[in-house]
Amino acid sequence: MKDMKVKYLGKFKTPALVKDKIYDVISIEKGWYRIMTELDEDYLFPPDLFEIIEE
């Protein structure tokens with residue numbers, strides 16, 4: 001997968017993600033984005049929480 005960058009829109013307050021920060025998508029699994037979080041662990045998130053910055 002080519003490097004995809006997304007910006008977290010901040011719909012939910014969580015220590016795992018920072019509003020307006022740009023994250024690299026590690027992979028896309030069943031339509032969800034796998035992202036390395038601020039907790040240094042990767043998790044799957046629904047794409048509607050993000051804005052695609054670079055595909």
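Calculation criteria
For every chain, the first residue of the written sequence is number 1, and numbering continues from 1 along that sequence. Since the coordinates come from a predicted model, pLDDT governs what is reported: local features require at least 70, and pairs of side-chain atoms require 80 or more to be given and counted, while whole-chain, interface and lining totals use all residues. Note that water and hydrogens are dropped before the side-chain values are worked out from all heavy atoms of the structure. Two strands pair under a simple rule: DSSP has to find at least two bridges between them. Counting from the N terminus, the helices are DSSP H or I runs at least four residues long and the strands are E runs at least two residues long. Helix axes are fitted to C-alpha atoms over the stretch in contact, other axes to C-alpha atoms as well, and angles between N-to-C directions run from 0 to 180 degrees. Nonpolar cores are built from buried Ala, Val, Leu, Ile, Met, Phe, Trp, Tyr and Cys residues. Side-chain atoms within 4.5 Å join them into one set. Each residue gets one of three labels from its accessible area relative to the maximum for its type: buried under 20%, exposed over 50%, partly exposed in between, using a 1.4 Å probe on protein chains only.

Draft legend 1. Inspection of the sheet that holds strand β4 (residues 42-45) at higher detail. Spatially, 5 strands are ordered β4-β3-β2-β1-β5 in an open sheet, and the strand pairing comes out antiparallel. The open sheet has two edge strands with one neighbour each: β4 and β5 (50-54). Ignoring strand direction, the axes of neighbouring strands in this sheet form an average angle of 45°. With 4 bridges joining them, strand β1 (residues 4-8) and β5 adopt antiparallel strand pairing. When the bridges of β5 are listed, Lys-7 appears paired with Glu-51.

Draft legend 2. Local environment of the nonpolar core. Core analysis: the largest hydrophobic core is formed by 12 residues, namely Met-4, Val-6, Tyr-8, Ala-16, Leu-17, Tyr-23, Val-25, Tyr-33, Ile-35, Phe-45, Leu-49 and Phe-50. Mapped by element, the contributors of at least two residues to this core are β1, β2 (22-29) and β3 (32-36).

Draft legend 3. Spatial organisation of unusual backbone geometry. Located in the positive-phi region is Asp-20, a residue other than glycine, with phi close to 70°. With respect to the element layout, Asp-20 can be found in the loop between β1 and β2. According to the relative accessible area criterion, Asp-20 is partly exposed, its value standing at 45%. Residues other than glycine seldom take positive phi values, yet Lys-30 does so here, at roughly 50°.

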